[in-house]
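Summary of the model geometry
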Amino acid sequence: MSLEVKTEQPNVVTKTLFSPKESKLKDFLSTLLINKAALVGAIIIVFYIFIALFAPLLAPYSPYEINLENKLMPPSIDHWMGTDDKGRDILSRVLYGSRLSMGVGFAAVLFGAFFGIIFGLVAGYYGKWVDSFIMRMMDVMLAFPGILLALAIIAALGPSLINVTIAVGAFSVPLFARIVRGSTLEVKRLEYIDAIRSLGANDLTIIVKHVFPNILSPIIVQGTLRLATAILSAAGLSFLGLGAQPPSPEWGTMLSSGRDFLFSAPYIALFPGLAISILVLGFNIFGDGLRDAFDPRMKN
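Calculation notes
Residues numbered from 1 in each chain as written. Predicted model: local features only at pLDDT ≥ 70, side-chain atom pairs only at ≥ 80, totals over all residues. Heavy atoms only, no water. Phe/Tyr/Trp six-rings, centres within 6.5 Å; stacked < 30°, edge-to-face > 60°. Helix = DSSP H or I, 4+ residues; strand = E, 2+ residues; numbered from the N terminus. Buried < 20%, exposed > 50% of the residue type's maximum accessible area, 1.4 Å probe, protein only. Polar contact = N/O pair within 3.5 Å; in protein donor to acceptor, adjacent residues only side chain to side chain. Contact = heavy atoms within 4.5 Å. Salt bridge = Lys/Arg side-chain N within 4 Å of Asp/Glu carboxyl O. Expected span 1.5 Å × (residues − 1). Arc of directions from axis to C-beta.

What about the packing of aromatic side chains?
- Applying the stated criterion across every chain yields a total of seven aromatic pairs.
- Between tyrosine 48 and tryptophan 251, the ring centres sit 6.0 Å apart and the planes meet at 80 degrees, which makes this aromatic pair edge-to-face. Taken as a pair, tyrosine 48 in helix H2 (residues 36–53) and tryptophan 251 in helix H12 (residues 251–258) lie far apart in primary sequence, 203 residues in all. Here the two residues tyrosine 48 and tryptophan 251 agree in accessibility, since each one is buried.
- Between phenylalanine 106 and phenylalanine 283, the ring centres sit 6.2 Å apart and the planes meet at 75 degrees, which makes this aromatic pair edge-to-face. Linking phenylalanine 106 in helix H4 (residues 90–126) with phenylalanine 283 in helix H13 (residues 267–294), this pair joins segments that are 177 residues apart in sequence.

What about the side chain of arginine 93?
- Looking at the element boundaries, arginine 93 is found in helix H4.
- Looking at arginine 93, its side chain comes within polar contact range of the main-chain oxygen of serine 248, at 3.4 Å.
- Residues contacting arginine 93, with those up to four places away along its chain left out, are Pro63, Asp84, Arg88, Pro247, Ser248, Pro249 and Met254.

Focus on the pattern of salt bridges
- All told, the structure shown has seven salt bridges when counted by the stated rule.
- Taking the shortest distance from any N to any O, the salt bridge between aspartate 85 and lysine 86 comes out at 3.0 Å.
- Between aspartate 139 and arginine 136 there is a salt bridge; the shortest N-O distance is 2.9 Å. Linking aspartate 139 with arginine 136, this pair stays in helix H5 (residues 128–143), spanning three residues, or about one helical turn.
- Put simply, Asp84, Arg88 and Arg93 are held in one network by salt bridges that share partners.

A closer look at H5
- The terminal C-alpha atoms of H5 lie 22 Å apart, and with 16 residues this matches the ideal 22 Å at 1.5 Å per residue to within 8%.
- Taken residue by residue, H5 has Val130, Asp131, Ile134, Met135 and Met138 as its buried positions. Buried residues in H5, looked at end-on, bunch into an arc of 105 degrees, giving them a common side. Relative to its buried face, H5 has exposed residues pointing more than 90 degrees away, namely Lys128, Trp129, Phe133 and Ala143.

Structure (structure tokens):
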């Protein structure tokens with residue numbers, strides 16, 4: 001008589017602690033958090049986004065309210081950053097100005113990244129005369145200093161905040177195009193791209209679904225660093241009177257109006273200048289941290 005032992009395994013679904021995507025994300029966040037400077041930059045950016053979103057709730061006064069009786073008041077309990085030559089509260093204008101300055105910066109970078117990514121993908125994927133034609137156009141744009149190209153565009157379109165966005169975005173296009181082209185040249189030589197093509201996938205599918213997702217890292221890093229340049233350039237153009245027009249509470253415009261009072265009331269230009277400097281610093285050090293986190297050579 002034989003004894004048959006039947007064992008039943010419980011219906012347990014086993015899986016690894018982290019999937020490949022989760023592991024990559026975990027490694028990326030760990031590398032990013034180790035970089036203290038990048039963490040400080042992220043905190044600065046989040047803080048500025050917060051005040052931009054909730055400026056109407058945080059601002060103690062209207063940024064457009066003129067009160068000549070209170071003009072050129074130094075910082076006090078009622079006006080933490082003082083008042084300008086029109087009696088407007090500088091703190092309120094700085095808070096509202098974060099919306100304009102950051103909005104222009106993000107819009108300009110998105111504009112430049114959109115066209116730069118398209119040009120770079122097409123040039124890198126198809127190569128030959130297409131690559132030569134597109135990249136020679138990018139070289140022509142790079143031959144002009146960025147601010148000079150922006151001035152030429154604004155001179156043709158006229159001074160306004162929208163035109164500043166277009167101008168600043170335009171001289172970001174060749175930078176994104178060159179980065180995307182170089183990354184595309186590397187990815188399209190990989191064996192899996194040839195395998196996908198042999199299975200009958202068309203060029204658009206390969207570019208959108210298989211090439212573009214694999215070149216996002218340098219695009220994100222370049223976009224973060226470019227935000228700092230875009231905000232600084234937009235503020236400079238507004239300082240020259242080519243961007244936001246008074247009484248808009250834009251930081252560059254506030255700097256321009258405060259330059260006549262640098263000795264009698266320096267706080268008019270000091271606080272918007274500090275706002276620009278700290279935000280640009282935040283984007284720069286956060287961008288450096290992203291670059292280190294995306295670079296596998298930095299993980300050791």
